[in-house]
Amino acid sequence: MSKENNRLKPSLFFLSKDREALFSKKNRALLSDPMDDNNPITVQVLGICSALAITVQLKPAIVMTISVIAVMGASNVIVSILRNLIPNRIRIIVQLVVVASLVALVDQVLKAFAYDVYKELSIFIGLIITNCIVMGRLEAFALGNGVWKSFLDGVGNAAGYGVILIIVAFFRELLGSGNLYGYKVIPDAFYEMGYENNGLMLLSPMALITVGILIWIQRSKNRKLIEEK
Amino acid sequence: MIFLRNLVDRIRKPFEVGQKFEKFAPAVNAFDTLLFVPNHTTKSGAHIRDAVDLKRTMVTVIIALLPALFYGIYNTGFQHYIQLGEKFSFLDAFIHGTWKIVPMIIVSYVVGLTIEFGFAIYRGHEVNEGYLVTGLLIPMIMPVDIPLWMVALSVAFAVFIAKEAFGGTGMNILNPALTARAFAFFAYPTYMSGNKVWVSEASNIDSISGETILGSLAAGNEINYSFSEMFNGSIPGSIAETSTFWIIIGGLILIFTGVGSWRIIIGGLIGASITAILFNFWGINELMSFSWINHLAVGGFAFGIIFMATDPVSAAQTYSGKWIYGILVGVFCILIRVFNPAYPEGVMLAILLMNVFAPTIDHYIVEKNIKKRKKRWQLSNLKNS
């Protein structure tokens, strides 16, 4: 009986059995929520350390975003596939192994195809393993949900993290060194008029303050994020 | 007086509740209460009414700041003419200084008050007077030659981040004036340190020796200023921090009016003296062997401990907390001076650091007090039973 039923449902193996559309409203929310209401950095306040470390320039921030999207998407899928096989007591170790091997993979890919970026970023790429967002989503979502949903959740959270990273890096590079993505954007005429680059923007406290301002703006726009006293 | 009252009332009319410009009422109210005692009364609970409200307190601090400010204005001109080797009279020096410093003060007030008014209107509360002092303090602790737009940016940063982000006057964790200076110090280091910035219009003269005393000590150089020069303040430095004598006059005003806490000031003196004396015994570099009494007279220590550390909002609130807070400000000030030559002026960072720890200090003082009283209560219960 079950065989017949399965034949009636022409679906890919990772789709949930209740035949939910690939991009149903619920699934889209998995992607879009982390961008706004449930942003990993500004709302859950996770992954702050890398927001400090690699947002001095735009380029490393973008590479980091792509790497984290790749790692989180893939690790959520793998852990979600394995979720019924993983013994509960050693799940953290299994998750760590999965994340670590994916990070090593990203590391090697960068080394092969983008060596100069790799030289700048290799330490921080290694630190994706410790990024709290990755483990957080594995624990909170991938262990209890289907493959497709986990994938969307991983990509969504990584993108939400990346958006903040890129916004912070944009302001820090623009105001701190007058560049964007390595190119000079503030015209020389400004400097002749007495404009100076803001050295504080290059120091990590300013990344925290920028994130703080983003949180401030988000909360004053979106009142439901404010905790009740 | 009645004429003035009527005039203000007429101006106020379109801003009353229900009228056209109701939203902008805080702006008018601020000007009104600057002239007259506010006519609103407290609505609930028990309150102590005192003539010394926030506005009067702030005006007292401003009066206490004036001696140092006027000396700073004179010293700006004095340093300028001395370093250029020109002849000058007292009036020349004063005019030169006024020409330099008054624009900074105007910029500071215009930018800061604009932001304050903006927030008051947006949040619908009255404009508070806290900025009157901050706005005067910020130009007083900057180097003379800093571009005006940097002053404006520092002011904006301080008011936004140090003050309004935490909820406005009375809620700030850090002292806003020092936050402005710290911002400028880290953002534009070439304009905030070195041997050219402390003397006005000296950046294009090569033979200048305008390094501050602490700066040249940190570089390992001998200094050729006598103690009386350091105490009177005829030395290069930020605008109003040089003259220990006039700062002490201001400090006495604060102490006698009860606006500034003498516990913090004395504590700071004790902490700094003891630390400096200990370093005098150690004495392996110029800064360590710099006599402790000189340490108290140079740099921003006097200004910081009297006008910044005593800020009633960001300092510790309990009496014993104030002692601890003051002593630690003094200790850290000398420690930073001696051990970190990159930051020759330690008092700014010392006070900001202790601002952060002030609530913790208060917490433990209060906890201790609660425990003590609980114990006493238990003992008395034992005796009675």
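Residues numbered from 1 in each chain as written. Chains lettered and ligands numbered in written order. Predicted model: local features only at pLDDT ≥ 70, side-chain atom pairs only at ≥ 80, totals over all residues.

A.B. asks: Which residues make up the overall build of chain A, and what values go with them?
C.D. replies: Looking only at helices and strands, chain A has ten helices and two strands in total. The order of α-helices and β-strands along chain A, N terminus first, is α-α-α-α-α-α-α-α-β-β-α-α. With respect to the three principal axes, the spread of C-alpha positions in chain A is 80 × 45 × 35 Å. Each of the 229 residues in chain A was classed as buried or not, and the buried ones make up 33%. (Helix = DSSP H or I, 4+ residues; strand = E, 2+ residues; numbered from the N terminus. Buried ≥ 20, exposed ≤ 12 C-beta atoms within 10 Å, placed from the backbone.)

A.B. asks: Lay out the interface of chain B and chain A with the relevant residues and their values.
C.D. replies: Each partner contributes residues to the interface: chain B has eight residues there, and chain A has eight residues. Among the elements that line the side of chain B that touches chain A, the one with the most residues is helix H7 (residues 176–187) of chain B, at three residues. Classifying every residue of the side of chain B that touches chain A gives eight nonpolar, no polar and no charged. (Contact = placed C-beta atoms within 7 Å. Nonpolar A, V, L, I, M, F, W, Y, C, P; charged D, E, K, R; others polar.)

A.B. asks: Now, about the nonpolar core: what can you tell me, with residues and values included?
C.D. replies: Residue and element names in this part refer to chain B. One finds Ile138, Ala158, Ala184, Tyr325, Val329, Cys333 and Ile351 to be the most contacted residues of the largest nonpolar core, which totals 140 residues. The dominant element in this core, judged by the number of residues it contributes, is helix H16 (residues 319–339), at twelve residues. Those residues within four positions of Val329 in sequence are excluded, and the remaining contacts are Gly268, Gly271, Ile305, Ala309, Ala350, Ile351 and Met354. (Core = buried A, V, L, I, M, F, W, Y, C linked by C-beta atoms within 7 Å.)

A.B. asks: Describe the domain arrangement of chain B, listing the residues and the values that go with them.
C.D. replies: Residues and elements named next belong to chain B. Domain annotation of chain B identifies domain 1 (2–35) and domain 2 (54–371). Distance from the C-alpha centre of domain 1 to the C-alpha centre of domain 2: 36 Å. Taken residue by residue, the interface counts seven residues in domain 1 and seven residues in domain 2. Residue composition of the side of domain 1 that touches domain 2, grouped by class: four nonpolar, two polar and one charged. (Domains from an automatic or database assignment.)

A.B. asks: Residues and numbers for H16 of chain B, please.
C.D. replies: Along its 21 residues, H16 of chain B runs 30 Å from first to last C-alpha, staying within 8% of the 30 Å computed at 1.5 Å per residue. Of all 21 residues that make up H16 of chain B, 17 are buried, and the element is covered over most of its length. (Expected span 1.5 Å × (residues − 1).)

A.B. asks: Which residues make up unusual backbone geometry, and what values do they have?
C.D. replies: Generally, phi is negative for residues other than glycine and the peptide bonds are trans, each holding for most cases. Residues and elements named next belong to chain A. In this model, Val45 sits at a positive phi of 50 degrees, which is unusual for a non-glycine residue. Here Val45 shows up in the loop between helix H2 (25–32) and helix H3 (48–53). Among the residues examined, Val45 registers 12 C-beta atoms within 10 Å and is labelled exposed.

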